[in-house]
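If you want the building blocks of each chain, they are given just below.
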Amino acid sequence: MISVRDLVVTFGHGRDAVQAVRGVSFEVAEGESFGLVGESGSGKSTVLRALSGLNRSWTGRASIGGLDVAKADRRLPHLAQMVFQDPYASLHPRHTVDRALSEPLEIHGTGDVSARVEAALADVGLGPAFRFRYPNQLSGGQRQRVAIARALMLRPKVLLLDEPTSALDVSVQAEILNLLRRLRAQQRLTMILVSHNLAVVAHMCDRLAVMNRGLVVEEMDVATLRREAPREAYTRQLLLASKGYDRAVAGRMVSFD
Amino acid sequence: MSWRAALLSDTPRSRQEAKLGALYRGWLRFRRNRLAVLGLLIVVALVVVAAFAPWIATHDPYAQNLAQRLLPPGSAGHWLGTDEFGRDIFSRLVYGARITLYIVVLVALIAAPIGLLVGTAAGYLGGWVDAALMRLTDVFLAFPSLILALAFVAALGPGIENAVIAIALTSWPPYARIARAETLTIRNSDYIAAARLQGAGTGRILVRHVMPLCVSSLTVRVTLDMAGIILTAAGLGFLGLGAQPPMAEWGAMVSSGRRYILDQWWVATIPGLAIFVVSLAFNLLGDGLRDVLDPRQKT
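Values in this document were obtained by computation on a predicted structure and should not be read as measured data.

S.K.: Could you clarify how one ought to interpret the overall build of chain A in this entry?
M.R.: Scanning chain A for helices and strands turns up 10 helices and 10 strands. Taken against the 2.2 N^0.38 rule, which gives 18 Å for 257 residues, the C-alpha radius of gyration of chain A at 19 Å falls within 12% of a compact globule. A principal-axis box enclosing the C-alpha atoms of chain A has dimensions of 55 × 40 × 35 Å. The buried share of chain A, reckoned over its 257 residues, is 53%. Considering only intrachain contacts with a sequence separation of at least 6, the fraction spanning at least 24 residues in chain A is 65%. By element, 48% of the accessible surface of chain A is carried by carbon and sulfur atoms, the whole surface being about 11,400 Å². Both charge centroids of chain A, one from 33 positive and one from 27 negative side chains, sit 1 Å from each other.

Have a look at this one:
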């Protein structure tokens, strides 16, 4: 379904150029849920933005459902959509929920807008009472539900999730993750989930890739992650760090390049 | 359910209701600012006076009566006095409101959309489009607006329409600047990215996503500039390049009254006061609108 080959993303020009992603390759099968984990600045979100088409300054090959992402095909919006990290920044402050959800349908001239908006709201567990509210009348979790509904309006096959719960309260995080699991099962979605939270990835994904400094350090399935039996030293350290702060452990941490 | 509860309801039942509710909440915030409400009342009064000028004016504003020239305020039948041709100053003020409103509205309608379009396009597209549009803006900003308007009117010929065109041509650059600055802060936001992912074209993003966010700060700025527009129009009228006699334009009235300012002060002072009050009203209104429309203060 998704194929990424030798993806290199460079920011800046000439002497200021920084390679945020230095040759990443992976495949995601149809219906699979794939996790990208790593610490801040490891390039995991950059991979997602290149794959979604938001960032165009990259080299290598990337395709979704056989369509070349670099070519900005008109069918791509129907194939892959994205949910952003911060629900407070991803909804237009002057658009009602109704407008945010009808916009993708109007862009592509899809009919039956009203019924589909109501259905989409119901799908993400929001009643019709929310339909004509502005984002400032919604809580963070409700906003993220609207953002998920918006991403699903065009009935895409692929959902790209950029830390979809890291800006939310812990209790709300679980609700959103369960919602995503349910939607994935109902609509047979292929997902890529970017997160620094290994527990979230273990809960949501079938397979994951660990990234560090723009490279994929190791790919493994979730069972390996649960057994805490990764192959690479970097991944073991990441697992250790994810268990919370420990002075003795922190003292023994090393920098991997 | 009363209409008030319906407007403030958390669960509007249609887009119109949601919009009306947002407007009503804005009005509730606006109402707390007494001075802004005063400004709004004066502006509304100006509109009413302009609309019903023939019924409000007591005399024909162009009827001369040399027997009754330069009567002081409070004279029988002419309670704001008469000018050097015996024309009733009150009636001329009332008809002058039409011209003032005409200029202000027309300038706003021409200049604000130009500024909005140039600014959002420059800010969103960036690159050479941005550079070209902003250097053009700089050229216009480099001249004081009255001087530039003078040059335009001198080239186009005196008259009220040309004054409007000249003022509009000189007043759009600040709007372009504001719209561009506003666009730069939102062009990389996630909701614009989401619109791009949905397949929205550049035009659609500019008109439906970027412009609505620029309109509020632009509205505030235009309202605050109304005073400046009135003054520039009055200045052009005063210099004889705006409204031509015998048109009852406030600036031209001040200009013709300046010859009598020592002995018959009211001929120049009363239209001057009208300019002052209306300019002040637009400023107060703009201040109040800023409190309401500034998205950063919205809760």
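S.K.: Explanation requested: the overall build of chain B in the structure shown.
M.R.: When you go through chain B residue by residue, the secondary structure sums to 12 helices and zero strands. Moving toward the C terminus, one meets the helices and strands of chain B in the order α-α-α-α-α-α-α-α-α-α-α-α. The proportion of buried residues among the 299 residues of chain B is 49%. A fraction of 70% describes how many contacts in chain B between residues 6 or more apart in sequence connect residues 24 or more apart. For chain B, the computed accessible surface area is about 14,300 Å², with 67% contributed by carbon and sulfur atoms.

S.K.: Is there a simple way to think about the interface of chain B and chain A in this case?
M.R.: Listed as interface residues are 29 residues of chain B and, on the opposing side, 34 residues of chain A. On the chain B side of the contact with chain A, Arg15(B), Leu197(B) and Gln198(B) bury the most area, a combined 28% of that side's loss. Counting across the chain B and chain A interface gives 13 residue pairs in polar contact (both at pLDDT 80 or more). Taken together, the elements giving at least two residues each to the side of chain B that touches chain A come down to helix H2 (15-31), helix H9 (190-197) and helix H10 (202-238) of chain B.

S.K.: What exactly am I supposed to notice about H9(B) here?
M.R.: All names here are of chain B. For H9, the buried fraction is high: seven of the eight residues fall into the buried class. Among the residues making up H9, those that are buried are Asp190, Tyr191, Ile192, Ala193, Ala194, Ala195 and Leu197. Directly after H9, the chain includes glycine 199, whose backbone phi takes a positive value near 100°.

S.K.: For this particular structure, what's the right way to read helix H6 (residues 170-187) of chain A?
M.R.: Since there are 3.6 residues in each turn of an α-helix, residues three or four apart along the chain are aligned in direction. All names here are of chain A. Between its first and last C-alpha, H6 extends 26 Å over 18 residues, near the 26 Å set by a 1.5 Å rise per residue. Along H6, the residues that are buried comprise Val172, Gln173, Ile176, Leu177, Leu179, Leu180, Leu183 and Arg184. Around the axis of H6, the buried residues are gathered within 160° of arc, so they sit on the same side. In H6, the exposed positions that point more than 90 degrees away from the buried face belong to Ser171 and Ala185. Those residues of H6 that are buried lie in contact with strand E3 (33-37), helix H4 (113-123), helix H5 (140-152), strand E7 (158-162), strand E8 (190-195) and helix H7 (198-204). One or two positions beyond H6, positive phi appears at arginine 188, with a value near 50°.

S.K.: Is there a simple way to explain the side chain of Arg150(A) in this structure?
M.R.: Among the secondary structure elements, Arg150(A) is positioned in helix H5. Despite its burial, Arg150(A) remains without a salt bridge, the nearest opposite charge being carried by Asp190(B) at 7.6 Å. Only 2.8 Å separates the side chain of Arg150(A) from the backbone oxygen of Ser90(A), close enough to count as a polar contact. Once residues lying within four places of it in the same chain are set aside, the contact partners of Arg150(A) are Phe84(A), Ser90(A), Leu91(A), Ala100(A), Leu101(A), Pro104(A), Ala194(B) and Gln198(B).

S.K.: Sorry, what's going on with the sheet that holds strand E1 (residues 2-11) of chain A here?
M.R.: Picture the strands of a sheet paired through backbone hydrogen bonds; they go either parallel or antiparallel. Residue and element names in this part refer to chain A. With antiparallel pairing, the four strands of this open sheet are ordered in space as E2-E1-E4-E5. Edge positions in the sheet fall to strand E2 (18-28) and strand E5 (67-68), since each has one partner strand and no second. As paired strands, E1 and E2 are joined by eight bridges and run antiparallel to one another. The residue bridging valine 9 from the neighbouring strand is valine 21, located in E2. Packed onto the sheet, helix H1 (residues 44-52) meets E1, E2 and strand E4 (58-64) and runs at close to 110° relative to E1.

S.K.: Mind showing me how you'd approach unusual backbone geometry here?
M.R.: Excluding glycine, a negative phi dihedral is what most residues carry, and trans is how most peptide bonds are arranged. Residue and element names in this part refer to chain A. In this model, aspartate 6 sits at a positive phi of 50°, which is unusual for a non-glycine residue. Inspection of the secondary structure puts aspartate 6 in strand E1. Unusually for a residue other than glycine, glutamate 163 sits at a positive phi of about 45°. With respect to the helices, strands and loops of the structure, glutamate 163 is situated in the loop between E7 and H6.

S.K.: Looking at this structure, I do not really get the packing of helix H3 (residues 34-51) of chain B against helix H12 (residues 266-293) of chain B. What am I missing?
M.R.: When two helices pack together, their arrangement is captured by the angle between the axes and the distance separating the axes. Residue and element names in this part refer to chain B. Across the interface, H3 lies against H12 with an axial gap of 7 Å and an inter-helix angle of 130°. Here H3 is positioned oblique relative to H12, judged by the angle of their axes. You can see that H3 and H12 cross each other, and the crossing is left-handed. Contacts between H3 and H12 pair Leu35, Ala36, Leu38, Gly39, Leu40, Ile42, Val43 and Leu46 from the former with Val277, Val278, Ala281, Phe282, Leu284, Leu285 and Gly288 from the latter. Across the contact of H3 with H12, the residue classes break down as 13 nonpolar, two polar and no charged.

S.K.: What should I look at first to understand the packing of helix H3 (residues 97-107) of chain A against H4(A) in this one?
M.R.: Residue and element names in this part refer to chain A. The contact between H3 and H4 brings their axes to 10 Å, and the two run at 115°. Seen from above, H3 lies across H4 with right-handed handedness. Of the residues in H4, those in contact with Val97, Asp98, Leu101, Ser102 and Leu105 of H3 are Val113, Arg116, Val117 and Leu121. Taken together, the residues of the contact of H3 with H4 break down into six nonpolar, one polar and two charged.

Conventions adopted
Residues numbered from 1 in each chain as written. Chains lettered and ligands numbered in written order. Predicted model: local features only at pLDDT ≥ 70, side-chain atom pairs only at ≥ 80, totals over all residues. Heavy atoms only, no water. Helix = DSSP H or I, 4+ residues; strand = E, 2+ residues; numbered from the N terminus. Rg over C-alpha atoms; globule rule 2.2 N^0.38 Å. Buried < 20%, exposed > 50% of the residue type's maximum accessible area, 1.4 Å probe, protein only. Contact = heavy atoms within 4.5 Å. Areas by Shrake-Rupley, 256 points an atom, 1.4 Å probe, with all protein chains shown as cover. Lys, Arg positive; Asp, Glu negative; His and termini not counted. Charge placed at Lys NZ, Arg CZ, Asp CG, Glu CD. Buried area = accessible area lost by both parts, 1.4 Å probe. Polar contact = N/O pair within 3.5 Å; in protein donor to acceptor, adjacent residues only side chain to side chain. Expected span 1.5 Å × (residues − 1). Arc of directions from axis to C-beta. Salt bridge = Lys/Arg side-chain N within 4 Å of Asp/Glu carboxyl O. Pairing = 2+ DSSP bridges. Axes fitted to C-alpha atoms, helices over the stretch in contact; angles between N-to-C directions. Parallel < 35°, antiparallel > 145°, perpendicular 65-115°, else oblique. Left-handed = near helix turned anticlockwise from the far one by under 90°. Nonpolar A, V, L, I, M, F, W, Y, C, P; charged D, E, K, R; others polar.

In short, geometric facts, not functional conclusions.
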